[in-house]
Every structure is written in structure tokens, then in C-alpha cells.
Amino acid sequence: LRHEFSVDVTCEGCSNAVSRVPNKPGGVEFDIDLPKKKVCINSEHSVDILLETLEKTGKAVSYFGPK
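What counts as what
- Residues numbered from 1 in each chain as written.
- Predicted model: local features only at pLDDT ≥ 70, side-chain atom pairs only at ≥ 80, totals over all residues.
- Heavy atoms only, no water.
- Phe/Tyr/Trp six-rings, centres within 6.5 Å; stacked < 30°, edge-to-face > 60°.
- Helix = DSSP H or I, 4+ residues; strand = E, 2+ residues; numbered from the N terminus.
- Buried < 20%, exposed > 50% of the residue type's maximum accessible area, 1.4 Å probe, protein only.
- Salt bridge = Lys/Arg side-chain N within 4 Å of Asp/Glu carboxyl O.
- Core = buried A, V, L, I, M, F, W, Y, C linked by side-chain atoms within 4.5 Å.
- Contact = heavy atoms within 4.5 Å.
- Pairing = 2+ DSSP bridges.
- Axes fitted to C-alpha atoms, helices over the stretch in contact; angles between N-to-C directions.

### Looking at the packing of aromatic side chains
Then step 1. Applying the stated criterion to the full structure yields one aromatic pair.
Then step 2. Seen from their ring centres, Phe 5 and Tyr 63 are 5.1 Å apart, and the 45 degrees between their planes marks the pair as tilted. In this pair, Phe 5 sits in strand β1 (residues 2-7) while Tyr 63 sits in strand β4 (residues 61-66), placing the two residues 58 residues apart along the sequence.
Then step 3. Looking at Phe 5, the relative accessible area reads 0%, which means it is buried.

Have a look at this one:
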């Protein structure tokens, strides 16, 4: 499943920090749209696990829905 999240990334440094985190649960593919502050994650993990993982970045995160 592909999920779309809003993540408050404002620069390449933020983007790099965020890009390290989704790999933690394993088995995910993702891309970051820095200008739109969106992260799309392709994963079999639940939305709760993905949200919890993204929140570890310390950035504001919200779930847009399946894409």
C-alpha cells in the first residue's frame, strides 16, 4: 500500500533526517517531495507504525491518506 504524509521539512537537512527514519521498520519504499512537504511511503506496515516512525524525526506529521 502507498500512503501519503505531510511532514514539516523545510530544507535538505530536514529531508535527509526524514529519509533515514522510514527505513527503521524495514520493507518500505518512499520518496520525499520537499517543496510540497510530502512523504509518500510504499509499505505493508500499518499507518500507525508509519506515523509513529515519522514522528521520531521531531517534525510535525499528519496522514493524508492512501495514494
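### Quick word on the pattern of salt bridges
Then step 1. For the structure on display, the rule yields four salt bridges.
Then step 2. One salt bridge in this structure joins Glu 4 and Lys 38, with 4.0 Å as the shortest N-O distance. One end of the pair, Glu 4, is in strand β1; the other, Lys 38, is in strand β3 (residues 38-43), with 34 residues separating them in the sequence.
Then step 3. Residue Glu 4 is classed as buried on the basis of its relative accessible area of 12%.
Then step 4. The class of Lys 38 is partly exposed, set by a relative accessible area of 25%.
Then step 5. Note that Lys 67 is salt-bridged to Glu 4, the shortest N-O span being 3.4 Å.

### Examining the nonpolar core
Then step 1. Ranked by size, the top nonpolar core spans 12 residues in total: Phe 5, Val 7, Val 9, Cys 14, Val 18, Val 28, Val 39, Ile 41, Leu 50, Leu 51, Leu 54 and Val 61.
Then step 2. Elements supplying a minimum of two residues to this core: β1, α1 (12-20), β3 and α2 (47-55).
Then step 3. Per-element tally for this core: the top contributor is α2, with three residues.
Then step 4. Setting aside its immediate chain neighbours within four residues, Val 28 contacts Pro 22, Asn 23, Ile 41, Asn 42, Ser 43, His 45 and Leu 50.

### Comments concerning the sheet that holds strand β2 (residues 28-33)
Then step 1. The strand order across the open sheet built from four strands is β2-β3-β1-β4, with neighbouring strands paired in antiparallel fashion. Here the strands that pair on one side only, and so sit at the sheet edges, are β2 and β4. Put simply, the sheet's adjacent strands are angled 25 degrees from each other on average, direction ignored.
Then step 2. Where β2 meets β3, six bridges bridge the pair, whose relative direction is antiparallel. Residue pairing for β3: Asp 33 is matched across the bridge by Lys 38.

Nothing here speaks to function; it is all geometry.
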